[in-house]
Amino acid sequence: MSHDTEFHVHHDSPEAVGRRERLGVRLLIVADGAFLFGMIFSYFYLRNLNVNQAWLPKGVHTFSSASGWIAASGLIVAALAHRLGEYNRGVRNLTSILVLIALLVGGYYQWHQMAHMPFIAHDDSGRPFYNGAYASNWVLVAGANMFHYLVGAFIALGLVLRGYRSKIDPTLEEWRQRTAGSWFTWMAIAGVICAITTAFK
């Protein structure tokens, strides 16, 4: 008795599958953008409102403006490396690995920043709290960066693994490269927006 080990995930054409996947990613980008711009609006609204000087209370330390750009650099490098691999198939496996490494290193840096925030204060019983509205808003923006790093690393890992498979539909693969490129481009744009925002203290 013989068994057929071939299986087909999709019954639709590769173009139809690629269009559906691209639509899903674009909807994710729209939703993520809505959250991000809501956070940016809150950041500048509270900064300009500054009730009782609660934005940055006296003696509260902040991150440098350069730290926001360093945190975004992994997202930018990943987007540029993926774009290179998207247009040059010969280096696609190499650029996929570079994208994954850039996102892992950048994600670690962002996590390190979040673990060593200079604006944590302690009350009389020793419990930590965020000292000022700047601190709370910075955590939201850093969380947005961290979300992009996590999702981007997951996608990059998938691209690395797919790069070493022998049986891949070339049309569907091109669609998936372009779809991933949409997400990586959005991540880089979001990282730049977050870096510009946190430069205003």
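Since the model is a prediction, treat every value here as computed from it, not as a measurement.

Participant: Could you give me a rundown of helix α3 (residues 92-115), with the residues and numbers involved?
Facilitator: Counted at 1.5 Å a residue, the expected span for α3 with its 24 residues is 34 Å, and the 34 Å between its end C-alpha atoms agrees. Every buried residue of α3 is accounted for by R92, T95, S96, V99, L100, A102, L103, G106, G107, Q110 and Q113. On its buried face, α3 sits against α2 (65-87), α4 (133-163) and α5 (170-199).

Participant: Break down the packing of aromatic side chains for me, citing the residues and quoting the values.
Facilitator: Within this structure, the stated rule accounts for 8 aromatic pairs. An angle of 25° between the planes, with centres 4.5 Å apart, marks the rings of F63 and W138 as stacked. Note that F63 is positioned in the loop between α1 (14-49) and α2 and W138 in helix α4, a separation of 75 residues in sequence. The exposure class of F63 is buried, given its relative accessible area of 12%. What makes W138 buried here is its relative accessible area of 4%. Ring centres of F147 and W183 lie 6.4 Å apart, and the angle between their planes is 85°; this geometry places the pair in the edge-to-face category. Here F147, found in helix α4, pairs with W183, found in helix α5; they are 36 residues apart in sequence, far enough to count as distant. F147 sits in the partly exposed class, given a relative accessible area of 35%. Among the residues examined, W183 registers a relative accessible area of 1% and is labelled buried. Each member of the aromatic cluster is reached from another via a ring pair, and the members are Y43, F44, W55, Y134 and F200. The ring of W175 carries the charged tip of R178 above its face, separated from the ring centre by 4.8 Å.

Analysis parameters
- Residues numbered from 1 in each chain as written.
- Predicted model: local features only at pLDDT ≥ 70, side-chain atom pairs only at ≥ 80, totals over all residues.
- Heavy atoms only, no water.
- Helix = DSSP H or I, 4+ residues; strand = E, 2+ residues; numbered from the N terminus.
- Expected span 1.5 Å × (residues − 1).
- Buried < 20%, exposed > 50% of the residue type's maximum accessible area, 1.4 Å probe, protein only.
- Contact = heavy atoms within 4.5 Å.
- Phe/Tyr/Trp six-rings, centres within 6.5 Å; stacked < 30°, edge-to-face > 60°.
- Lys NZ or Arg CZ within 6 Å of the ring centre and 35° of its normal.

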